[in-house]
Amino acid sequence: MTTPNSSLRRVIKYRVVAVIAAVLSVIAAVGFSFVPQQAHAASLTQVTGFGTNPTGLNMYVYAPDRLAARPALLLMVHYCTGSASAVHNGGGREFVSAADRFGYVIVYPEATREGRCFDVSTQNALRRNGGSDSTGIMSMVSHARQRYNVDPSRIVVAGISSGAMMTNVLAAQYPDVFTAASAFAGVPAGCFATTDGSLWNSQCSGGNLLKTPQQWGDQARAMFPGYTGSYPRMQLFHGTNDTTLAYPNFGEALDQWTNVHGVSRTPVSTDQPQSNWTRTRYGAGGVVEGISAQGTGHDVPTAGMVGYAITFLGLDRPSTDPTTTTTTTTTTPPPSQGCSVKAAVNAWNTGLTETITITNTSPAAVNGWKLQFSLPGGQTITGGWSATYSPSSGQVTASNVSYNAQIPPSAQISIGLQATHTGNSAAAGGFTLNGVQCAVL
C-alpha cells in the first residue's frame, strides 16, 4: 500500500499499539489461568479451500459452542495492520461474547498484503465480482452459509477503519446478501478510488472529496448496475477528532446512504445515547443511523459502540436452537383497550421498511409480549430489528427481545421490519398485543 509519510507513521504507531495489546493479553491470560474456567471448546479457526480467492486472503471463523439452528452470520472486517485474531480478541470482543449468547457465526477475512489493508481503491475492487478482495470475502460468506445452515435474511457486516471502508463497499456491491451494516470510522463507498494502482487516496482520507448526495448514491449504485432491490440498513460511527479518515467523511457517507435508501437527509430523530455522542436517524425505522462521537479520534469502537451495533444489526435475538438454554418470560396481557399501534411504511420499487410503535395505554406494565398482525398479500419479511418475527408472511407474530420485554404504563417501544413486496406496500394491520386488540393510530 502506498501512503504518505504521515500515514506510514500511523501504521508504525498502530503496530506498536498492537504489540502492547498482545503483551497485555498474555499477562491477562497468565493472571486468569489460576482461576477455574468453564469448559469452552469454541475457538477462532482458520478455513482453507473456501472458494475463489484472487487476492490470497485468509479466512477465519468463530462458531460458538451452542450454535443456533438457523444462525445469523456476522462478517467482521479488520483495520489496517490488523488481523483476524486482533479484532477477535480486541475491539470486536463484545461481538464474540454476544455470539456465545445468541448462537451466531462470525467470519473474519484477513488481508495478507503488506500493511494488511483491504483493497477499496482499484477498479476491480469497486465492482461486483470484480476479482479483488471483495470477491474472496464473498466466497467466505458463501462457504459459511452452507457450512452452518445460516439464515439468509440475517447476514450482516461490520468493520473498523479499512474494514469500515470495505463494509461500505460490500453493502453497495452485495445488497442482495447483506441486510444491515455497521461501519466504524470509514468513508463512503468508492471514496478511496484511485487510478494509479495505489490503495491510498489522500483527498478522501483528508475529508476533501465532497460530492452531492445524488453523486454519492450513483457511485454506490454503479457497483451493482441494474439492481432494483433493497439495500442494507446502514449504521455509521465516526469521531469528530479523527485525523486518519477525517470527520467530513461521516457526513459524506450519510449523504450517500440516505440517497441510496431514498430518504430525507433531515433526521427523523436526534438523541444522545452517551454524553459525548450525537445519534441521528433517517427514514422510517432509522434505516440509516449516524453516531458522532465528540472529541474521539480514529480509535473506535469506543466503549458502548459495539453494543449499539449488535442491536442495530439484529444480532441480539434469542437463539432458535432448542438445545440452548433460554429464559422464559411469562407474558402479562394488558387490560382491554390497553394498547395502541402506529405503523409507518417507507417503500421503494419492490422493497419496504416498516416501523411499528407500540404504546401501552393501560395502568399496568406488560412483562413479555407478542404482537400479532397481518401483512398485506405479496409482502415477505426479509429482516427485522428489536423483535423476532415468524412466519415471514401472512399472519405474523413479533416477539420481544431481552431488552424490551417490559412496556411500563404509558410507555412505548418501536420495532421494525424489512420486506419485499409485489406491488402492495401498505402497512400491516389487525394488531393484537398478547391477544388483546390494539387501537391503530
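Residues numbered from 1 in each chain as written. Predicted model: local features only at pLDDT ≥ 70, side-chain atom pairs only at ≥ 80, totals over all residues. Heavy atoms only, no water.

**With respect to the environment of Asp151**
Relative to the assigned elements, Asp151 resides in the loop between α4 (133–147) and β5 (155–160). In this structure Asp151 comes out as buried when scored by relative accessible area, which is 17%. In the structure, Asp151 is positioned 47 residues away from Tyr104 in sequence and 9.8 Å away in space, judged by C-alpha atoms. Excluding residues that lie within four positions of it along the chain, Asp151 makes contacts with Arg70 and Pro71. (Helix = DSSP H or I, 4+ residues; strand = E, 2+ residues; numbered from the N terminus. Buried < 20%, exposed > 50% of the residue type's maximum accessible area, 1.4 Å probe, protein only. Contact = heavy atoms within 4.5 Å.)

**Topic: the pattern of salt bridges**
This structure, assessed with the given rule, holds seven salt bridges. For Arg128, the salt bridge is made with Asp176, and the minimal N-O distance between the two is 3.0 Å. Of this pair, Arg128 sits in the loop between β4 (105–110) and α4 while Asp176 is found in the loop between α5 (162–173) and β6 (180–184), placing the two residues 48 residues apart along the sequence. Accessibility expressed as a relative area gives 42% for Asp176, which makes it partly exposed. (Salt bridge = Lys/Arg side-chain N within 4 Å of Asp/Glu carboxyl O.)

**Let's talk about the packing of aromatic side chains**
Scanning all chains against the criterion turns up eight aromatic pairs. Ring centres 4.9 Å apart and planes at 15° place the aromatic pair Phe224 and Tyr227 in the stacked group. The exposure class assigned to Phe224 is buried, which follows from its relative accessible area of 17%. Taken together, a centroid distance of 5.4 Å and an interplanar angle of 85° make the contact between Tyr227 and Tyr231 edge-to-face. Counting every residue linked through ring pairs, the aromatic cluster contains Phe224, Tyr227, Tyr231 and Trp257. Here Arg128 stacks its cationic end above the ring of Phe224, 3.9 Å away from the centre of that ring. (Phe/Tyr/Trp six-rings, centres within 6.5 Å; stacked < 30°, edge-to-face > 60°. Lys NZ or Arg CZ within 6 Å of the ring centre and 35° of its normal.)

**Quick notes on helix α3 (residues 93–102)**
One turn of an α-helix holds 3.6 residues; hence residues three or four places apart share an orientation. Of all the residues in α3, the buried ones are Phe95, Val96, Ala98, Ala99 and Phe102. Buried residues along α3 cover an arc of 165° about the axis, so they all sit on one side. Buried residues along α3 sit in contact with β2 (58–62), β3 (73–77), α2 (84–89), β4, β5 and α9 (305–312). One or two positions beyond α3, positive phi appears at Gly103, with a value near 80°. (Arc of directions from axis to C-beta.)

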